[in-house]
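The primary structure of each chain is shown beneath.
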Amino acid sequence: MFHKTAEIKVLRDPIHGYIHVEDQVIWDCINAKEMQRLRRIHQLGGDFQIYHTAEHSRFSHSLGVYEIVRRMVHEILELSQQLSEYEKIAVMLAGLLHDIGHGPFSHAFEAISRRKHEEFTRKIITEDSEIHATLQKVHPHLSDDVANIISGTHQNDLLNQIISGQLDADRMDYLLRDAYFTGTSYGHFDLERIIRTMRIVDQKLAVKESGIHSVEDYIMARYHMYWQVYLHPVARSYEGLIAMLFHRMRDLYCTKRDSLNEVSMFHPFLSGQETSIDDLFCLDEAAAYYGFSLLRTHEDAILRDLTRRVLDRDLFEYRTFTCEEDSEMIRERLRTLNYDERYYIFTDKAAEKLYSPYSRKDSGHNIWILCEDHRVRELSEVSDMVHAVCASPTKEERKVYFPKEVMMD
């Protein structure tokens, strides 16, 4: 049913050494235009504004997730024996295509498009696209099965766990990859040890007790990467500034639409109407930055200023938000300096817990440990460190962002 490539394709990768492709449908999907578009989408949103080498793309991350999934379904004995060839291909494709619906500027774009990237991902895989046509040629149900695995609704929950659990291929790749490209050390953990000690017990992915220290390192890596990289306030400032820029564009689109004729690539996302996968395909980060460059000389002073701030990295200042009085003081200063509050102040709440077991509904996606007595127990029941973390409150930070000149004397 599934054709092999004439020879094994080998792609060099700084995280995995090599990425191996021997299935023609996977190679065809890699070369599809929707997949190639991910080369033009940053993996880390605004983090390249702080970590200057964090220029890697959603494309390279997607290949890395595919490679981890490929290794899991072939190197974990129980998975290799239990899964059919069709299921292996489907879950490898899910790893490859799980981010296919991302817009520019990572998750910041979702506030602009009013649609989650997961929705675009399903549409690209199951509707009229080059990816969909590639999958349909192989098997009439393949596109639906791949989409269901990505959304975590496939009838074989093992496939769902591989892509979207607490210890899944997606998280394992982005932690290692993002640590590498940001030049940070706290995102590292022993991927080889985790894969080598993975087992399947009662339709659950589990790690042997001998691999628990590697899992604890993974948990700590996740926690530190979130607070030092993913939730970095400077990155949040950049992404919030882009949101303000689009907010202003949307308001102008409603009142002075003709003034935005030059930036038609943004129109489908400003109109509030249903957007298509073709609209998304045409708006990668290269197109967005070209649009921003045109807005540098726009007649609207607010739009000009916000665009300049994005392009020249004149980001908003931030302070820890302690009470409404602090926010009101900043707003009063904004009014004094004739800034429009709708576009020049915003608050942001960041929260992340080191590890928290899922509820009963999704408990199969927890991290499970296969103990020496052959019992399978949830990670926090076995690890003293993780148990202490689960009992601790969720760490939260709330900040208010505004132009730095507002607080200058």
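Reading the values: the criteria
Residues numbered from 1 in each chain as written. Predicted model: local features only at pLDDT ≥ 70, side-chain atom pairs only at ≥ 80, totals over all residues. Heavy atoms only, no water. Pairing = 2+ DSSP bridges. Helix = DSSP H or I, 4+ residues; strand = E, 2+ residues; numbered from the N terminus. Buried < 20%, exposed > 50% of the residue type's maximum accessible area, 1.4 Å probe, protein only. Polar contact = N/O pair within 3.5 Å; in protein donor to acceptor, adjacent residues only side chain to side chain. Contact = heavy atoms within 4.5 Å. Phe/Tyr/Trp six-rings, centres within 6.5 Å; stacked < 30°, edge-to-face > 60°. Lys NZ or Arg CZ within 6 Å of the ring centre and 35° of its normal. Axes fitted to C-alpha atoms, helices over the stretch in contact; angles between N-to-C directions. Parallel < 35°, antiparallel > 145°, perpendicular 65-115°, else oblique. Left-handed = near helix turned anticlockwise from the far one by under 90°. Nonpolar A, V, L, I, M, F, W, Y, C, P; charged D, E, K, R; others polar.

Draft legend 1. Region of interest: the pairing of strand E9 (residues 395–402). Note that strand E5 (residues 317–320) and E9 share 4 bridges and pair antiparallel. Residue pairing for E9: Tyr318 is matched across the bridge by Tyr401. Pairing of strand E6 (residues 346–352) with E9, which is carried by 7 bridges, proceeds in the antiparallel orientation. By the bridge assignment for E9, Thr347 is matched with Val400.

Draft legend 2. Up close: the side chain of Asp13. Tracing the backbone through its elements, the reader meets Asp13 in strand E1 (residues 4–13). Accessibility expressed as a relative area gives 10% for Asp13, which makes it buried. Within the local environment of Asp13, its side chain forms a polar contact with the backbone nitrogen of Ile15, the two atoms lying 3.0 Å apart. Those residues in contact with Asp13 that lie beyond four places of it in its chain are Tyr18, Ile19 and Arg177.

Draft legend 3. Broad picture of the packing of aromatic side chains. Considering all chains together, one arrives at 17 aromatic pairs under this definition. Plain terms: the ring middles of Tyr180 and Phe181 are 4.9 Å apart, the flat faces sit at 80 degrees to each other, and that makes the pair edge-to-face. For Phe181, a relative accessible area of 21% gives the class partly exposed. In textbook terms, an aromatic cluster arises when at least three aromatic residues are bridged by ring pairs, as seen for Phe316, Tyr318, Tyr339, Tyr344, Phe346 and Tyr401. For Arg39, the ring lying beneath its charged end belongs to Phe59, and the centroid distance is 4.0 Å. Directly above the aromatic system of Trp368 lies the positively charged group of Lys204, at a separation of 5.0 Å from the ring centroid.

Draft legend 4. Examining the packing of helix H3 (residues 58–75) against helix H5 (residues 85–97) more closely. Close contact between H3 and H5 brings their axes to 7 Å; oriented N to C, the two are set at 155 degrees. Comparing their axes, H5 and H3 come out roughly antiparallel. For the pair H3 and H5, the crossing hand works out as right-handed. Counting all contacts with H3, which are made through Ser62, Leu63, Val65, Tyr66, Val69, Arg70, Val73 and His74, the residues of H5 involved are Lys88, Val91, Met92, Gly95 and Leu96. Residues that form the contact of H3 with H5 fall into these classes: 8 nonpolar, 3 polar and 2 charged.

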